[in-house]
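# A structural walkthrough
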Amino acid sequence: MNRNEFIRRSALAAVGTWLIPDFVKAYERDQINTFRTNDKVLVIVQFSGGNDGLNTLIPFRNDIYYRERPKLAIPETKVLKLTDELALHPALEKLRSWYDQGYFRFLNNVGYPNPDRSHFRSMDIWHTASDASEYRQTGWIGRYLDAQCSGTCQPYQALEIDDQLSLSMKGERVKGLAVSDPKRLYQQTKNPFYQELARANHEAYANVDYLYKTLAETLSSSAYIHAKTDVTSTTASYPTHELGRRLKTVADFIRSGVDSNVYYVSHGSFDTHVNQQPKQEQLLRQYAEALDVFMQDLKAQHKLDKVLVLTFSEFGRRVKQNASNGTDHGTANCVFLAGGNLALDRQYQAVPDLSDLDQGDLKYKVDFRDLYATLLDHWLGINSVSVLGKPFPGLKLA
């Protein structure tokens, strides 16, 4: 097999998940180790597409809200009231009891300076924790792995339940692992095609070391995950939609004791330019259904206080509805925290000021990187400056 053929076949293998041969056993022996020093887990739920925060956490006392959204505003008689001024969308009913118990919390007016209304760019900013004018090639979770392990982490220490790895999970020296089905990934590593790769003289191809390193890391991680999760599975009854399956996989990993501090799942798309109400209602209902079962499952495992779920979207929507009964790309948004015993000061739950807008959009009051800094310093237990690249004051704890 010549160099070009190796690269071509390896590139094919990289589509979706890596499929790994057995030629890297020596590498595995050198790398397998446990560096986890914190038993707390962060689960990140990404609302892809820009969820409409104003119709999720509803300012039901505000006349401007109803004036600007004559066909989209949720009537006060239908909302789930949390405070004197804010309420949940009725599709989130299953989370109301968790809020009453203190296990479901919110932050409002979360964003960043000079907001970008492009899905891709704004998501990159959230993934990399960069300024709007800054372009970074590594994500904040990837840099967390880099900083935590000095380059010797295993990819399974940050798992994304998907077929592709998001930018947030990519560090300079360590990357998380994308896996949607651990059994399928493990079986794929047994493909005879990769035995041929195993016989290749890879030491002669120094310029493709990165490919071999990735193969090695994925092989060791897939074998580890398979061994861990092949024993037990949750008996909780998760919804059968995609988010339900993904959170069930996360619960199985946690139950099995997989040595990972971070899990990442996505849900959507929330890009509701047209006929917003039924689409957003369906997605929010699915979120509430899946998160409710997930938290019940964690509670049954006595791990609810050790697992914190962060839910965010790359931006909110504009205050005024459009002519298609939808909403267009906006800026600041609400963020949810569930489970965990990390409580933040109530000042971050302020009602959005709909009378003081920036070109029709909400003004942010909470920089999402202060939230990241708080999660890194007070939940994952690592100096946030080493991950974010500069100091952020963080948020005040309750």
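Now for a look at the structure at hand. (Residues numbered from 1 in each chain as written. Predicted model: local features only at pLDDT ≥ 70, side-chain atom pairs only at ≥ 80, totals over all residues. Heavy atoms only, no water.)

A general tendency of soluble globular proteins is for nonpolar side chains to be buried together. Formed by 50 residues in total, the largest nonpolar core has its most connected members in Val43, Phe104, Leu159, Tyr263, Tyr287, Leu291 and Phe294. Counting residues per element, this core draws most heavily on helix 11 (residues 276–300), which supplies 10 residues. If we skip the residues at most four places from it in the chain, Phe104 touches Leu88, Leu95, Trp98, Tyr99, Tyr287, Leu291, Phe336, Leu337 and Ala338. Membership of the second largest hydrophobic core comes to 42 residues, among which are Tyr112, Ala129, Tyr144 and Cys153. (Core = buried A, V, L, I, M, F, W, Y, C linked by side-chain atoms within 4.5 Å. Buried < 20%, exposed > 50% of the residue type's maximum accessible area, 1.4 Å probe, protein only. Helix = DSSP H or I, 4+ residues; strand = E, 2+ residues; numbered from the N terminus. Contact = heavy atoms within 4.5 Å.)

Time to look at helix 5 (residues 119–128). Extensive coverage of helix 5 is indicated by the burial of 8 of its 10 residues. Restricting attention to buried positions, one finds in helix 5 the residues His119, Arg121, Ser122, Met123, Ile125, Trp126, His127 and Thr128. A distance of 3.3 Å separates the backbone nitrogen of Phe120 from a side-chain oxygen at the start of helix 5, and that oxygen is part of Ser118. Phi turns positive, to about 60°, at Ala129, one or two residues after helix 5. (Polar contact = N/O pair within 3.5 Å; in protein donor to acceptor, adjacent residues only side chain to side chain.)

Let us look at the environment of Asn62. The topology assignment puts Asn62 in the loop between strand 2 (57–59) and helix 3 (63–68). A relative accessible area of 18% places Asn62 in the buried class. The spatial distance from the C-alpha of Asn62 to the C-alpha of Ser355 is 9.8 Å, given a sequence separation of 293 residues. The contacts of Asn62, once residues within four sequence positions are left out, are Pro352 and Leu354.

Further remarks concern the packing of aromatic side chains. In this description, a pair of aromatic rings is defined by centroid distance and the angle of the planes. Across all of its chains, the model carries 14 aromatic pairs by this definition. Between Phe104 and Phe336, the ring centres sit 4.9 Å apart and the planes meet at 35°, which makes this aromatic pair tilted. Of this pair, Phe104 sits in strand 5 (residues 104–111) while Phe336 sits in strand 10 (residues 333–339), and the two are 232 residues apart along the sequence. You'll find Phe104 and Phe336 in the same group, each marked buried. On the numbers, 4.2 Å between centres and 20° between planes, the contact of Trp126 with Phe368 is stacked. With Trp126 in helix 5 and Phe368 in helix 12 (residues 368–380), the pair connects residues that are 242 residues apart, well separated along the chain. Here Trp126 and Phe368 have matching classes, each one buried. (Phe/Tyr/Trp six-rings, centres within 6.5 Å; stacked < 30°, edge-to-face > 60°.)

Residue Ala129 is not a glycine yet carries a positive backbone phi of 60°. Locating Ala129 in the fold gives a position in the loop between helix 5 and helix 6 (140–149). The phi dihedral of Asn275 is positive, around 45°, even though this residue is not glycine. The partly exposed category is assigned to Asn275, whose relative accessible area is 46%.

This paragraph deals with the sheet that holds strand 9 (residues 307–313). With mixed pairing, 8 strands are arranged side by side in an open sheet as 7-6-8-1-9-10-5-11. If you trace the sheet from one side to the other, it starts and ends with strand 7 (177–178) and strand 11 (366–367), each paired once. Inspection of the sheet shows strand 1 (residues 41–48) paired to strand 9 by 7 bridges, in the parallel sense. Bridge pairing in strand 9 places Gln46 opposite Phe312. Sheet strands in contact with helix 6 are strand 1, strand 6 (158–160) and strand 8 (262–268), and its direction is about 160° off that of strand 1. Across the face of the sheet, helix 12 comes into contact with strand 1, strand 5, strand 8, strand 9, strand 10 and strand 11 while running at roughly 170° to strand 9. (Pairing = 2+ DSSP bridges. Axes fitted to C-alpha atoms, helices over the stretch in contact; angles between N-to-C directions.)

Bringing the pattern of salt bridges into the picture now. Once their charged atoms are close, side chains differing in charge can pair, the charge on each being opposite to the other. As enumerated under the stated definition, the model contains 21 salt bridges in all. Taking the shortest distance from any N to any O, the salt bridge between Arg96 and Asp100 comes out at 3.1 Å. Separated by 4 residues within a single helix, Arg96 and Asp100 lie in helix 4 (residues 96–100), roughly one turn from each other. The exposure class of Arg96 is partly exposed, given its relative accessible area of 27%. What makes Asp100 exposed here is its relative accessible area of 52%. A salt bridge links Asp252 to Lys248; the nearest nitrogen and oxygen atoms lie 3.2 Å apart. Pair noted here: Asp252 and Lys248 are both in helix 10 (residues 242–256), with a separation of 4 residues, about one helical turn. What emerges from the salt-bridge pattern is a single network uniting Asp131, Asp367, Arg369 and Lys390. (Salt bridge = Lys/Arg side-chain N within 4 Å of Asp/Glu carboxyl O.)

The next thing to look at is the pairing of strand 1. Of all 8 residues making up strand 1, 8 are buried, and the element is well covered by its neighbours. Neither face of strand 1 is left uncovered, since the one carrying Val41, Val43, Val45 and Phe47 and the one carrying Leu42, Ile44, Gln46 and Ser48 both have all their residues buried.

Turning our attention to the sheet that holds strand 2. Taking strand neighbours across the sheet as the criterion, the 3 strands line up as 2-4-3 in an open arrangement whose pairing is antiparallel. Edge positions in the open sheet fall to strand 2 and strand 3 (80–81), since each of these has one partner strand only. Where strand 2 lies against strand 4 (residues 86–88), 3 bridges are found, and the strand directions are antiparallel. Bridge pairing in strand 4 places Pro59 opposite Leu86.

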